[in-house]
Structure formats: structure tokens, C-alpha cells
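Working through the structure, step by step
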Amino acid sequence: MADMDDTFQPRIMGFLCSWCSYSGADTAGVSRMQYPPNIRIIRVMCSGRIEPLHVMKAFEQGADGVLVSGCHPGDCHYATGNYYTQRRFAVMRQLLDFFGIDQRRLKLTWVSASEGARFADIVTAMTEEIRMVGPLNLRANPKGV
Amino acid sequence: MTVVNDQLTLILREKVHTLFAEGVADVFIGYRHGGKPLRVQPHVARSAADADQLVWNPTCINNLTSTLHKFADMRVGILVKGCDSRALVELIKLRQVRRDGVYIIGAPCPGIVDHELIARSVDPATITDIFVEEAQVMLTTDAGEITLDPADALYAKCLTCAQPTPDLYDELLGDPIAVHPIPLDARFNAAIELEQLSVAERFAFWDEQLNKCTLCYACQAVCPVCFCTACALALPRNDPKRKNRDRESVFSFHLMRAYHMTGRCIGCYECERVCPVDIPLSAIFQKAEKESRDLFGYKAGSDVAAVPPLSTFGDKT
Amino acid sequence: MDQRTHDVLIIGGGISGMQAALNLGDKGYKVVVVDKQASIGGTMVKLDKTFPTNDCSICIAAPKMVELARHPNIDLLTYAQVEQVSGTAGNFQISIWRRTNYVDPEKCTGCGDCANVCPVDVVDTFNAGMAKRKAIYIQFPQAVPSVYTIDFKHCTGCGSCDRACMAKAILFLKPSRETRLTVGSIIVATGFDVLEPVEMRKEYGYGKYANVITALQYERILSASGPTAGKILRPSDGKQPERIAWIQCVGSRSAQNGNPYCSKICCMYATKEAAITIDSHPDIDAAIFYMDLRAYGKDFQQYYRQAERNGVRYIRGRPSSVYENADRSLTLVYENTLTGEAHEEVFDMVVLSTSVVPSPDSRRLANVLGVAIDEHGFFVQQDMLRDPLKSTRDGVFLAGGAQGPNDIPDSVAQASGAAGRAAAALRDRHGTVERKQAPEKEIDGDAPRTGVFVCSCGKNIGGYVDVADVTEYARGLPNVIFAGEYLFACSEDAQRRIKEAIQVYDLNRVVVAACSPITHGGVFQQTCEEAGINQNLFDMANIRNQCSWVHSHDRNRATTKSRDLVRMSVAKSAHLRPLSNREIGVTRACLIIGGGIAGIKAALTTAEMGIDTYLVEREAVLGGKLRDLYTLYPADIPAGEALGPLVSAVERHERIRVFVNSEVRTVDGYIGNFQVEVQSRASGLTERLDIGAIIVATGFQEVDFGGRYGYGEHPNIISQLELEQRLRAGTLGNPRTAVILNCAGSMDASNPSCCRIGCGVSVKNMRRIHEVAPNARMFLLYQDLRMFGKQQEEYFAETVRQVQPYLIRYVADRPPSVRVRGDRIFVTVFDVLLRDYVEVEADLVVLTTAMRGDARTPQLKQMLKVAANSEDFYNEAHAKIRPLDFATDGVYLCGSAHYPKSVPDTIAQAEGAASRAAIPLLRGKVSTEPIIAEIDATHCAGCGICVTLCPYGAISINAERSAAVITDVMCKGCGTCVAACPSGAAQQRNFTDQQLFAMIETAWD
């Protein structure tokens, strides 16, 4: 489209736990908080369900950034799921970095159901940050822009 | 023509005879001479006659623990080096091997010679005996004695070995070997070297290296602590992504394998040894082991009772 | 008793009536709901949003309405009123008059063709008179039942509708008729009305000036389905106003100019309306004129402060008059009581927060029911303090606005409580009625046939996303057989059309692109079930909360993203499999933790319902804080008098076992099947109990803030609880000057919350001190006087007359200081009304301290797997509609464990929590989650990684097969084990790798 500027539009995949972060994203909606439309959200019941493999699959599919978000430590609906998440993604960030994939492309955050503004802020900041980091282009044959 | 180490080999054979005779084991997993110079191959002895083919010498590189699962229902004996024994610890921890179902003969290991490395200085076919000491590797050849620097003869992992003698064994083959003092991070040299690069340089490095990968999955097949009945990371044979060796699929496989191995890799680097295209996989698994240590203070292969770092959490972390 | 047609009659189908009905229906009781309107929903559905969470009101009410209409145990009689009641509790004979709506409900599809051709315009009362409807109409898009009604009064009988109706649903000859019922109990939930300020408070020009409207009218203006489709426009010229004023207490808190009582909800709804207004229109100047800002509930104060920070102007002062200018703008004349200055200020629109008044039918209904109402017309309790949910007649209970101004959570709590009381009165009843499952279509092996249903949500989605484009796009996606567009997909009418589409197109997957699966998933899942499709063959694309609402300024990209989300959902749905849930038995026993008034009342309520009840109290005797209190307000009853009979009733009750001096040590298990260890603090012995449900009633404590306000430096600087103890013991002495310092340690930067009860307590204790020392000078230092509950404002006014205290208002920025010099106490405060410092020498200083939850909350919340906030108050599942539930099934809360509460509020909650807990216990079974983890034994190597990380201990290793095994009833479906499984042998139903990968792979075109 002619009127579209050619700013890089990062693709961000979001994996959100249902109880806190997905609800927080809902709250952002209910409160009409505006954030960039670059994120695609996948809901899981607990951030403990989210595997590094899902992150890698997202990068394989052309994601430039992945947001993993769960309940604040201590608030996990399933008591401890997010503690495992925290460990898994601490490792994953190191390994991504080791393979030359900027750590900033994988963000782990805690957003509660009431933190709509926080969710909107996180997505906004992350979109900006990934825009700075630039496209990942891991795919040999990228999907159409 | 073939390397012998008469004394320990004979003791080993004797021990296995006894195991069979006393009914302690039905099979014994060890090494026998391979078809080529400086090469051995895994050997499963089921009889006294089989046992007499067993050898132990500084060419016995294979980590035999990866074959244990084939003998799950039998009383089995096995010969393990220091590094191999760490895999055994993980396999017991992860319920793949029952400690009471396996008789472990621990082989204090002075280091294993890398036949490709030696071939640079000596024709392997001329070597008749090898003796490895801390500071030197002595070769007896048809042309006489040759002494090599360990760095020119041994596998890299042996140069920084922190565990020449197994922790876990029922009996030892020979005397324990003292640990040579090595710098803390020496074992992770390859990884640390890569860490010094910029992210972009690292990506370029791996892009080049992984571009060679054929997705043959030999690295996974040989790994002693990869025990899944089917690997969730391996692409099916007919998957076009496997045929095309798409970059993202190759990155994904190796990165995810590194993740799966974090807190599990014991550093035998059999993967790197068998890689047909010489990808420096040890660097990846050094990184996995290093992060396991740095993030969680966890060392795989050292304690059967330790809970894997990703199966637990600390004080709210 | 078998000739009863229903167990309980509920009069009124607003949020209270719906909550009570669902609560009873879920227990298996047969319920009939009578509503005088054509649709249920009451006042809540007229609101745009609800405070303090800003939930869209219709969004949280609509699912309840749909659930109610579909409930197998609930009959709905709308457009009807109760005419006669005879008999006694347990056996009431009821006569109900059902007005005819001249439409056959079986045939009407709710399509609206009739209204399109109707030539008659009628003032629309649902839109508070600001819009027109036709003589044949449906009240609002989500109306339940979604059947049109002919308004006989305005119908000209032209017959246009009859000719237009394809369904032949118009029945001009359908008569009104009487229905006779026999019921055991009655719940009055008729709600409230708001004052039309034409006579009273006519100085504000309502009815005379076009741009003076009521707050309810403003709610309709804000509402997307309202007369301006959600645009903020002033009535006189349809232009956007630049300046809007809210005037509080119009008709409230003034015996001369309206009603003496406080309407309780207005401060918060005005704050909400103003906040929403400037949120969407930062250029609008929003000003609220108030007397006291009564932000009294949990998180209310924070909500108010946030609104203020966002730019809402709060002006303390009651305008004396409003007059209209030539350009139809309005000039307000007022004195700012904080500055003492008189002002005239011009606004474009004035919103009147008018008094909550009884429903106009309440006098007639009270007569029919033979129960008492107060001088205003609100239903009264026989004993407001000790039995706040029971009317003056046995078997007739009260909930919500019918008995006085109430906000939604209080109404929901009361409704739950009334349901519990109504059920307890029916102990003769046995057997329960269960929902019949529709036979399920077999889909095994069938290729996916997906239907995509795209919702416009009025303009909530349609206004920002090209819904037609998304629908068209969906039509072209793999496996999609049908795609359709709906104005409100959750409306009964749309639900019916979805079911038809499922039948006609033989669909076996359903994707709804609408709002959040969290709020609406259940509604659509039930629709699927009713259409014969397993409820797990359904997925939702959240294009409202994730697209239209958050990318409102970029229609293109919001639409593209909506397409993407639909594509992801369609991709996932292809891999969905039908799932079932197993039913397991429950132990019919309830554990109540905390033996204060909340725990005691909860125990009596469960026990009365025939449930074995265990009451665990840490102290040596029951009673909690009431043991220390001297009297209760606003009835001035000695606390002991209220408590004594209840304690003996508990101790006498055959179904209650009391553990005093005991604590809960461990909690294992799950809803219906908890194992709890209770340990005696004296003997150290533990006892193991099998429990079906748990109620947390652990109360509150005063924050210890030694050092501040001179506390601890002088024996006569004491807390309110210490004052109560001294009053009770008669050791107060004879103070000459008493200072009560409210909000000590709260309502400031370090602790922004309002404790809800401090004002009431302090006003009551002024009376008590005055009784002991009639000549004492009394000072009350306050920030806002929050006397919001029933009869509290009147109680306050009476106290002021009797005691004649010095009322000194201060602000948090200039907190009072208390200094001790020798044995003398000096209190200095900046009086914001005098605009000067006042120093008082006092010989008694009472600190109304901040409050916290119980000290053991951190341990207990871990044991129960529930959440609490930083003040150790427990977090309910939903602030508005699930105030008594935890997110964890089978665990409930009540009383001050949630937040400080007055005794009547606590009792209502306690009875409500008991009623909630009784649902699984009386139903006798619970169902397992369908979305649990499962292990593919052929791929499982038995490594056991999953075993250690399951928080519920649901996984074990089967040594023989050397594979992991999951105990289904213990699995809560978090999927943590699945993520840890290296081989992929563990999968979570509905969240399998295959399903998640399908979404990842289709996230971008």
C-alpha cells in the first residue's frame, strides 16, 4: 500500500497463561489501552505449559520476538508453574544468545489479571525494542511480508 | 599392529570370567579390537570365550552406557571410564538403569588417544602399544618409541578431564588416577571462546557450521543420556524440512537439543566424535553444562539423588 | 410437600435474582424467577461498565442471563408480577399474573423484522427516555428471552408486524393469564430505582434543561448499545460536550431535599463515568461535585485516586443551583468548601447522581407478601444486625437493592446468602434435578467441518474491525464450511442461529471470533453441547479484547490481526478432539476456618442445609473480634448480645463440630475430596478430616504501627479495638477531651486503601464515649466520612445531634500529629475547612488504624492454593460477580478475610459463602477437568521428570510399564509436566503440541 510507511513491523508471538497474563491482556482490552498490533497471542492454562520448543517454533515460523508471560511469582494459579517457567527461560535466553539470537527477542514477564496497563506497556516497549534489534530472518524462505 | 595393554586387559578378562562364573552378570559390555588400527569397538560378551576378546587400552573411546537400555531385563556388567560413569549416574537418576541391575567395573582412565590426531604425526598402523601419562603420551611403534605432547594425541575432553576415575563402580580396574589440577573453566574453553564474540558473529559462526548439518541425527543417536523412545526434536524422514535442511529447522534442532541436555549432558562429547560433518558440538554442550552450573549450581552426573535443575526450583526462582 | 411446583420463588431477575436462582438451581433446587420486565437483567445490564475493574457490565451479566435461561432447574416468567401469596414457610401458594406480550415465544426468532415495520415510536425506558423504540420491541440486544413484546398501551393494532413476521409469531389473541405456583421459600430481589429529580432537587433544572441528565442516562450514553451508540453527545444538539459536571447526592443525604440516607453507590459510579469519559476523550473536562467521596470498598480508594490523577476534578461542595445559558450550556453556582470561595462555572452538560430509591412496585409487593418495608419503601429485615437477609416473614428472604442501596458484589453476596437461607428452609426436600446432556455427535475420523462465527459485539468490534472482511476471509480458510457475522454472538437469538448453522452445515468444529474465552467461552461451549457437538470442539479468537479495543486507531491492522487470530483458531480447531469429564463423588462435609462471626454464621448456614460442618478456631473460644467489641452499629446492640446466642447455637447444633484452640496444618486433595489435618494447639494432637468444601473466614487484624501517632508512648493513645475493650470492661475513666483520629496509617501514600469500616466504628464510638463521659469534648479527625451502609447516614446524623462533636477534615498530605509531653497529649491538625491548624490537648486519643488480613494468611494461602494481596486479604475470583469464590474450586471466602466488613455485610457474605460451598456438597458430585494432562505410554521412557514437578502430586510411575501415570481427578490441567517432558509423551488435552504448533505455524500469513 502506498500510504504505508516502510517501518519494520516486528512479528511478536505471545504465550500467555490464562489466569493472569491472558486476563491482563483482556483487561488491557476492557480498559481500551492501546498498544501496537504486532503481537499474536496464544493462550495456555499456565506459563508452566510453555516450552522453549514453542519459542523456537515461533522463531522458525518467522517471529522476531517471543513474549512469555505468567502470573507474578507467588501468584501462580497452579502454585508453582511459573517457577519452572522462570528456570526454563533463563536457560533458553542463554542458549539463544549462544547461537547468535539476541536475548532481547525472548522476554519473560509477569502480568496479573488486573495489570492491563502493564501488559499494554510491555507489548509497546517490546515492539519498539524488537524494532530496534531488527528482523531475525531465521527462515530460509521467509513468508511474505 | 593393534594396541594392547596386556596387564589390565588380562585382569579385566579374569574379572568377567568370575562375574559369569558367579552368576553376577549374564552379559558384559566392553570393548574388543576393531578392524582398523587404533580403533576398538563395543563388545557384548555372553560367554567366557567372548570375555577373552575384551580389551582395555587408551583407544577405548566409546561411551558404552548408551547401549545399556538393550539389556534392561538382564543382569549386566559394564566397563566405564570416568566420563562414562557420569552418564550412568544420569541414567540411574532418570530411571533408565536400575543400579542393582548393573555391575560396574570402573576403569581409571589416563586419557584416550584420538586416532585422527595421532595420524598427523605417526602412521597408526605402525603403533603397537600406547602408554598415556599426565605429561606425555608414549607410543611404541615399529620404528621405536615416540613421545607426543598430550595435546597432539588425546581427545580434547581428556586434556581437561576432571574425573579420570569413576565415582560409581562395583570394582576398579587398576589403581585410581589422581585428578590433574585444571583451571575452573578449562572444560568450557570452546564455549567461552565463542562467548567472546558478538551476537552477530556467533550467529555467523553457527550459521556456517550448522549449514553443514545433514540432520542425520547421529549426535542424538549416540548420546548416552538421550533415551527417549522417539526424539521429539527429530523430523520425520519424509518431512520436506528435513530433506531441504532448512536453516531454521537445523538451528531449532541443535538449540533445542542443547536445551534438553541442560542439566543432563555429562560432557563425553560422543556427539562431536560421531558427527560426520565435524560440527563442533562440544562447544554447544559445554555451554549447556556451564549454564547448568552458573544458573543453578548443578553438575550432571555427580549425584544420583540430585534433582535435575529444571525439575525443581530454588527459593522462588 | 411433593405437590410443590417449585422449591423457591425469586421475585426479580436482576443480578441479585439471577445469582440467587443459579445458586439454587445448581444445588438441584427447582426455581422460578418472576420479572416484571420483558427481559431479565435488571439495572446492571443498563450500565456501561462496572467499578473498580471497569469490566463491561453487559459482558459479565449476559453469560449469567444465558445460563439462567438454559438452566434445567430454572423456570423464567417475564412480563409478570406476583399478585397473591398465602400459606406459610415451606408451603406458599402464589398467584402470578403474566401479562400477554402478544408474541409466541416458541416462534419468535428475535429477528426484529416486526419492529422495522412498526409505525409507532415510543419513549424507550430502557434507554432512560433518551431514545425511541417501537410499540413492538426487545429491550436490548442481549435480552433474555430474546422474544419481542407488543406494548399494548401504544400499539395501534395496524397489523404491520403480523404481516412482516415470517415466523408467524404474532398472536393478537394471546391473553394475559394467571399462573398458580406452590413454593417453599421466597426471595425478594426486586432491585431499586433512581430518583427522577423533577420535584425534589428541581433547582438543578432536570426536565427543564435538555443538558441536565441523570447518571443512569449517562450510562446509556456511554453504552455502545445506547442511544448515541457510545458517543458522548449532549442531548440538546448532539454535539460532544467539552465540560461535564457531576453533582453528587441529588436527593440523598438530605431529609429536607430528598432522602436522608446515603445512596452508597453514586460516588463510585460517578468516578467511573468521569474516568471512562476522560479516558476516551482526554479533551473533556470532567468535574465531580461531592460532599464526602465515599470510595469505601476494596480497591475503591485506589480507583478514585487514579481517576483524579488521570484528570478528573473533584470539587468539594454542593452546587446551590444550575441555570441554562443561551447556548444551552449550564452555569453551576457553588461554594468550594475546601477553599471557602464561591464560584460560578459553565459546563456543557450536567449529570445528576440521583438518589437510589425503592422500586415503585415495592409497596404493593410488600403488601402481597405480608412483609414490612421502611418509611422509604425498602424492604426491612426482622433483625438487620444479626439476620440481615431475612424479611419480617418466615420463609421470605431479601437480596440486593430491594432492601437498600447496594453495589453489585454486595448484592451478589446477599443473593448467595439468601439462596442458602432459602435452601435451608427446605430441608424436607430430597433428590436433585440434573441437566440432561444432549446426545453427542460422533466425529471420530471425520474431516474437520469448521464453522466460524464472527461477532460485532455491537460496535465494540464492528466499530474498529471490518467484521464483514474477517467473515469473508474466514470462509476461505481450510476446513471452513460456514462463516457468519453476528451483532451479538452471545445473544440468545444468535446462539440459536449458531445452533441452526451447526445442524444445517453438519459442522464438527466451532470457532467464535468475539471476546475472551475466559468470560464467554462457557456460553458458547454450552451452545455447542446443545447442538450435539462436544464442548471441546470449540475455540475462540479474541478479536475484541486483543484487536478492536486495543488497536482502535488502526482499522486496517486491527482487521489484519483479527484475520490472523481467526486463522490461528481455525488451524487449532482442526486438531481438537472431543473430551469428556468424569464425575466423582464428594464428601458432604464443610470445613470452616475461623470461628468469628463470619465462621459462625457460615457454619450455621451449612449445618442447616444438612451438611456436616467442622469449625476450626485458633483461640480457645469462639467469637473472634466480636468478643472484644462493646456494641455494634447502627443498631447499638451489645456485641455480646449478638454473639452469645450464635455461639450456643453452634455448640448445640448436631451437625457442627467445633475445634477450638486448633489450627489447620495441612490441606490435601481437591474439591469434594479434601483431606485436612487439624492440630490442637494445646495437646499438639492432630486429627484428619475428610472434607468436601472449605470456607475461609479468618477475619482481620489492626495494623501494628507502634511509634506513629504517639502510639505506645502514652496509655491513653489507643486503637479502636483497645477502646472497645476498655468500654466493655468499664475502664475508660472519664476523659475530658477525646480525639478520634481516622485513617491512621491508611489513605496515604504508603497505604492508599480505605478500611471501609473505620468511619462507622468511629461514629459509633463517639456515642459510647459520650455515654461514659457526657461532658467530654469530642473531636473526630477524618479525611472523608464514609457512612455508606443501610441506616448509617441516619445514624451519623443522629450521633452528631447527640454528641455534637468537632468534625475536623484533614488531608493525607497534612496528616495530624500526636505528641506526648510528659503525661499530656497534644494533637495538631490542619483543618482543611477552616484552612488553619487546630491544636487540641486530649486525654484520650483513639486511632482508627489501618487493617490487614490474618497473620497466618501467607501459610494458609499456600495450603489452600489461593491468592491474597499484599495486605494479606484474600483475593476473590472476580470482584463483581464472584465475590465469595476463590479461583480454586471448592474453596470459598467471607467476611473480613476478604476485606474489613460491618457485621451485617459479614453475615450476608458468610451465609453466601455457605451457600456457594453447598453447591457441590448438595449436588453430591463434581466433575473432573476435561483439559488434563495425559501420557502416551508408548512414547514415555518413564524418566520421572514430570513426577517431581507436578504441584498436585497427580503423577506416579508405573514400574511395570515403566511409564508415568496421571491420576485424573488430581490433575488441574496446568500442563507444567507436559512442558517438561522431553519426548512429548505427555500432552495436555486442548493444549497439545500439535494444536499449539498449528497456531504458531499460522500466526502470520
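Residue positions are counted from 1 within each chain, in the order its sequence is given. Chains carry letters from A onward and ligands carry numbers from 1 onward, assigned in written order. For a predicted model such as this one, the threshold for reporting local features is a pLDDT of at least 70, and the threshold for listing and counting side-chain atom pairs is 80 or more; totals across whole chains, interfaces and linings nevertheless cover every residue. Only hydrogens and water are set aside when side-chain values are computed; all heavy atoms of the structure are taken into account.

Our focus in this paragraph is the overall build of chain C. Helix and strand counts for chain C come out as 24 helices and 54 strands. Here the globule rule reads 2.2 Å times residues to the power 0.38, and the radius of gyration is calculated from C-alpha atoms. For chain C, the C-alpha radius of gyration of 29 Å lies close to 30 Å, the compact-globule estimate for 1005 residues. C-alpha atoms of chain C, sized along the principal axes, occupy 90 × 85 × 60 Å. Evaluated residue by residue, chain C yields a buried proportion of 64% over its 1005 residues. It only takes one pair of heavy atoms within 4.5 Å for two residues to be counted as in contact. Long-range contacts, defined here as pairs at least 24 residues apart, represent 70% of the contacts in chain C between residues at least 6 apart. Note on areas: Shrake-Rupley, 1.4 Å probe, and residue coverage restricted to the protein chains presented here. Of the roughly 35500 Å² of accessible surface on chain C, a fraction of 48% belongs to carbon and sulfur atoms. In this description a helix means any DSSP run of H or I spanning at least four residues, a strand means any run of E spanning at least two, and both kinds are numbered starting from the N terminus. Burial classes: relative accessible area under 20% of the type maximum marks a residue as buried, over 50% as exposed, and values in between as partly exposed (1.4 Å probe, protein chains only).

It is worth spelling out the packing of helix H17 (residues 720–729) of chain C against helix H18 (residues 758–772) of chain C at this point. Residue and element names in this part refer to chain C. Orientation of H17 relative to H18, taken along the N-to-C sense of each, is 30 degrees, at an axis distance of 11 Å. For the crossing formed where H17 meets H18, the hand is left-handed. Here Gln720, Leu723, Glu724 and Leu727 of H17 come into contact with H18, specifically with Val761, Ser762, Lys764, Asn765, Arg768, Ile769 and Val772. Here the contact of H17 with H18 is built from residues that sort into five nonpolar, three polar and three charged. The convention used is that axes are lines fitted to C-alpha atoms, helices contributing only their stretch in contact, and that angles between N-to-C directions extend from 0 to 180 degrees. Handedness of a helix crossing follows the sense of rotation of the near helix relative to the far helix, less than a right angle counterclockwise being left-handed and clockwise being right-handed. As a working rule, the residues Ala, Val, Leu, Ile, Met, Phe, Trp, Tyr, Cys and Pro are called nonpolar, Asp, Glu, Lys and Arg charged, and the rest polar, with Gly in that last group.

Accessible area lost upon the coming together of the parts serves often as the stated size of an interface. At the junction of the two partners, chain B supplies 36 residues and chain A supplies 27 residues. Buried area is understood as the total, over both parts, of accessible area removed when two parts are fitted together, assessed with a 1.4 Å probe. Across the chain B/chain A interface, buried area totals approximately 3100 Å², and carbon plus sulfur atoms make up 70% of it. Here a salt bridge means any side-chain nitrogen of Lys or Arg lying within 4 Å of a carboxyl oxygen belonging to Asp or Glu. When the shortest N-O distance is used, the salt bridge between Arg202(B) and Asp97(A) registers 3.0 Å. Listed by contribution, the elements that provide at least two residues to the side of chain B that touches chain A are helix H6 (189–195), helix H7 (199–210), helix H10 (247–261) and helix H12 (281–296) of chain B. Here the side of chain B that touches chain A takes 10 residues from H10(B), the largest share from any one element.

A word on the pairing of strand S22 (residues 349–354) of chain C. Residues and elements named next belong to chain C. In terms of burial, S22 is largely enclosed, as six of its six residues are buried. A two-sided burial pattern is seen for S22, the buried positions comprising Met349, Val351 and Ser353 on one face and Val350, Leu352 and Thr354 on the other. In this description, strands pair whenever DSSP reports at least two bridges between them. One ladder, built from three bridges, connects strand S15 (residues 212–214) with S22; its direction is parallel. From the neighbouring strand, Thr214 faces S22, where its bridge partner is Leu352.

On to the domain arrangement of chain B. All names here are of chain B. Domain delimitation in this document rests on an assignment produced automatically or drawn from a domain database. In terms of domains, chain B is made up of domain 1 (6–112 + 164–172) and domain 2 (184–310). Taking only C-alpha atoms, the centre of domain 1 and the centre of domain 2 are 26 Å apart. Around 1500 Å² of area is buried between domain 1 and domain 2 when both sides are counted, 63% of it from carbon and sulfur atoms. Of all residues in domain 1, Arg86, Glu90 and Lys93 bury the most surface against domain 2, accounting for 37% of the area lost on that side. What qualifies as a polar contact is a pair of N or O atoms within 3.5 Å, subject to a donor-acceptor requirement within protein and to the restriction that residues adjacent in sequence count only when both atoms come from side chains. Here domain 1 and domain 2 share five residue pairs in polar contact (both at pLDDT 80 or more) between them.

Our focus in this paragraph is the sheet that holds strand S37 (residues 686–691) of chain C. Residues and elements named next belong to chain C. Strands sit in the order S35-S36-S37 across an open sheet of three strands; the sheet is antiparallel. Of all strands in the sheet, those bounded by a partner on one side alone are strand S35 (662–670) and S37. Across this sheet, the average inter-strand angle for adjacent strands is 20 degrees, counted without regard to direction. Examined bridge by bridge, S35 and strand S36 (residues 673–680) share eight bridges and lie antiparallel to one another. Looking across to S36, one finds that Ser662 is bridged to Ser680.

Our focus in this paragraph is the state of the cysteines. By definition, a disulfide links the sulfur atoms of two cysteine residues through a covalent bond. A pair of sulfur atoms, both from cysteines and within 2.5 Å, is called a disulfide here. Tallied over the full model, the rule gives one disulfide over all chains. A sulfur-sulfur separation of 2.4 Å characterises the disulfide bridge that pairs Cys20(A) with Cys71(A). Judged by the sign of its S-S torsion, about 95 degrees, the cystine formed by Cys20(A) and Cys71(A) is right-handed. Of this pair, Cys20(A) sits in helix H1 (residues 18–30) while Cys71(A) is found in the loop between strand S3 (65–70) and helix H3 (81–98), placing the two residues 51 residues apart along the sequence. Both residues of the pair, Cys20(A) and Cys71(A), belong to the buried class. For Cys946(C), which is in no disulfide, the shortest distance to another cysteine sulfur is to Cys977(C) and amounts to 6.1 Å. Here Cys974(C) is not disulfide-linked; the sulfur of Cys46(A) is the nearest cysteine sulfur, at 5.2 Å. On the basis of relative accessible area, Cys974(C) is assigned to the buried category, the value being 7%.

Moving on, we come to the pairing of strand S52 (residues 955–958) of chain C. Residue and element names in this part refer to chain C. For S52 and strand S53 (residues 963–966), the ladder comprises four bridges, and the chain directions are antiparallel. Bridging across to S53, Asn958 finds its partner in Ala963. Joining the antiparallel neighbours S52 and S53 is a turn of four residues, in which Ser962 adopts a positive phi near 40 degrees.

Right, let's get into empty space enclosed by the protein. Here a cavity denotes grid points, spaced 1 Å and computed from the protein atoms alone, that fit a 1.4 Å probe unable to get out, and a pocket denotes an open set having protein on both sides within 12 Å along at least 5 of 7 lines; residues with an atom within 4 Å of a point are the lining. Grid points are joined across faces, edges and corners, and a volume is the space filled by probe spheres set on the points. A complete count under the given rule lists 15 cavities of 30 Å³ or more for this structure. Its volume calculated, the largest cavity comes out at about 250 Å³. Looking at the largest cavity, it is lined by 21 residues, and the ones nearest its centre are His260(B), Arg264(B), Leu310(B), Ile945(C) and Ala980(C). Of all the secondary structure elements, the ones that give two or more residues to the lining of the largest cavity are helix H2 (52–60) of chain A, H10 of chain B together with helix H23 (976–980) of chain C. Of the residues belonging to the lining of the largest cavity, the class tally is 13 nonpolar, four polar and four charged. Taken as a whole, the second largest cavity holds about 210 Å³ of empty space. Along the wall of the second largest cavity there are 18 residues; nearest its centre are Met384(C), Gln414(C), Lys790(C), Pro904(C) and Asp905(C).

What follows is about helix H1 (residues 15–27) of chain C. Residues and elements named next belong to chain C. Between its terminal C-alpha atoms H1 stretches 18 Å, which fits the 18 Å expected from 13 residues at 1.5 Å a residue. Taking burial as the measure, the 13 residues of H1 include 12 buried ones, the bulk of the element. Of all the residues in H1, the buried ones are Ile15, Ser16, Gly17, Met18, Gln19, Ala20, Ala21, Leu22, Asn23, Leu24, Gly25 and Lys27. Phi turns positive, to about 105 degrees, at Gly28, one or two residues after H1. Multiplying 1.5 Å by the helix residue count minus one yields the expected span of that helix.

Residue and element names in this part refer to chain C. Tracing the sequence through the fold places Tyr633 in the loop between strand S32 (631–632) and strand S33 (637–638). Sequence spacing of Tyr633 and Val903 is 270 residues, and the spatial spacing of their C-alpha atoms is 8.5 Å. In this structure Tyr633 touches Leu385, Ile757, Gly760, Val761, Lys764, Gln792, Tyr795 and Ser902, once residues within four positions along its chain are discounted.

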